[in-house]
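Structure assessment
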Amino acid sequence: MNWSLDIRTAPLGEWIVTTETRLKDEKKIEVETRDYRHERLWLWTKCGKKILSRWLPPTRFNQKGRWDGLASSEQPIAWHPYFIPADPVFSKLDIAASELVEEIIA
């Protein structure tokens, strides 16, 4: 996948609301908790750096929200989805093992 220059389409994460029943003064009450699940992605900054980042949602200290690792007013130039690439060492071992099995079978 190529870098996307449209920052508005970058995944920001989502709020997860969970409800649980707790016991308080021998009464059952429903308690809602809100947690933010971050979406990790690669950002390309105006100075040419590529950083692993995530969106930090608005708080009382920063009403607009911001990208982790960037200044509050700084916007990245482009974004790319985060993924964990295949390990080259284990890939070579898998190839070697499969070749060995083919030799044994043949």
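The preceding data block contains the structure.
Before going into details, it helps to say that this report is about the structure given with it. Each residue is numbered by its place in its chain's sequence as written, counting from 1. Totals for whole chains, interfaces and linings use every residue, but because this is a predicted model, local features are given only for residues with pLDDT of at least 70 and side-chain atom pairs only at 80 or more, for both listing and counting. The side-chain values count all of the structure's non-hydrogen atoms but skip hydrogen atoms and water molecules.

1. A short note on the nonpolar core
Ile7, Ala10, Tyr36, Leu41, Leu43, Trp55, Trp67, Leu70 and Trp79 together form the largest nonpolar core, which totals nine residues. Only heavy atoms matter for contacts: two residues are in contact if any of them lie within 4.5 Å across the pair. When neighbours within four sequence positions are excluded, leucine 43 is seen to be in contact with Trp3, Lys49, Lys50, Ile51, Ser53, Trp67, Leu70, Pro76, Ala78 and Trp79. For our purposes a nonpolar core is just a set of buried Ala, Val, Leu, Ile, Met, Phe, Trp, Tyr and Cys residues, chained together by side-chain atoms within 4.5 Å. Residue burial is assigned from relative accessible area. The probe radius is 1.4 Å, only protein chains are included, and a residue is buried under 20% of its type maximum, exposed over 50%, and partly exposed in between.

2. Let's talk about a nonpolar patch on the surface
Patches draw on residues past 30% relative accessible area with no salt bridge. Two like charges within 9 Å are joined, as are two nonpolar side chains (Val, Leu, Ile, Met, Phe, Trp, Tyr) within 5 Å. Shrake-Rupley sampling with a 1.4 Å probe provides the accessible areas, and residues are treated as covered by the protein chains on show and by no other component. We count a salt bridge whenever a side-chain nitrogen from Lys or Arg sits within 4 Å of a carboxyl oxygen from Asp or Glu. Taken together, the side chains of Trp3, Leu5, Trp44 and Ile77 present a nonpolar region at the surface, about 380 Å² in accessible area. Assignment of secondary structure puts leucine 5 in the segment before β1 (14–24). Secondary structure is summarised from DSSP: a helix means a run of H or I of at least four residues, a strand means a run of E of at least two, and numbering begins at the N terminus for each.

3. A short note on the packing of aromatic side chains
Within 6.5 Å between ring centres, the rings of Phe, Tyr and Trp (the latter by its six-membered ring) count as paired, and their orientation is classed by plane angle as stacked under 30 degrees, edge-to-face over 60, tilted in between. Summed over the entire model, instances satisfying the criterion amount to four aromatic pairs. A centroid spacing of 5.9 Å and a plane angle of 55° characterise the contact between tryptophan 3 and tryptophan 44, whose relative ring orientation is tilted. Taken as a pair, tryptophan 3 in the segment before β1 and tryptophan 44 in strand β3 (residues 41–44) lie far apart in primary sequence, 41 residues in all. Relative to tyrosine 36, the ring of tryptophan 15 lies with its centre 5.1 Å away and its plane at 70°, an arrangement referred to as edge-to-face. In this pair, tryptophan 15 sits in strand β1 while tyrosine 36 sits in strand β2 (residues 27–37), placing the two residues 21 residues apart along the sequence. Look at tryptophan 15 and you get partly exposed, because its relative accessible area is 42%. The residue whose ring lies beneath arginine 34 is tryptophan 15, and the NZ or CZ to ring-centre distance is 4.2 Å. The ring centre of tyrosine 82 lies 4.4 Å from the NZ or CZ of arginine 40, which sits over that ring. Either the NZ atom of lysine or the CZ atom of arginine qualifies as a charge over a ring when it sits within 6 Å of the ring centre and within 35 degrees of the ring normal.

4. Description of the pattern of salt bridges
According to the stated counting rule, one finds four salt bridges in the structure shown. Linking aspartate 6 and arginine 8 is a salt bridge whose minimum nitrogen-to-oxygen distance equals 3.2 Å. When its relative accessible area of 28% is taken as the criterion, aspartate 6 is described as partly exposed. Notably, a salt bridge pairs glutamate 20 with arginine 22, separated by 3.2 Å at the nearest N-O pair. Taking relative accessible area as the criterion, arginine 22 reaches 38% and is therefore assigned partly exposed.

5. Regarding the sheet that holds strand β7 (residues 78–81)
The sheet built from three strands is open, its strands ordered β4-β3-β7 with antiparallel pairing. Looking at the sheet topology across the chains shown, the edges are occupied by β4 (50–53) and β7. If you compare each strand with its neighbour and ignore which way they point, the axes differ by 30° on average. Note that β3 and β4 share four bridges and pair antiparallel. By the bridge assignment, leucine 41 is partnered in β4 with serine 53. Note on pairing: DSSP must find at least two bridges between two strands before they are called paired. Interaxial angles span 0 to 180 degrees and are taken between N-to-C directions of axes, which are lines fitted to C-alpha atoms, for helices over the stretch in contact.

Read these as spatial facts, not as claims about activity.
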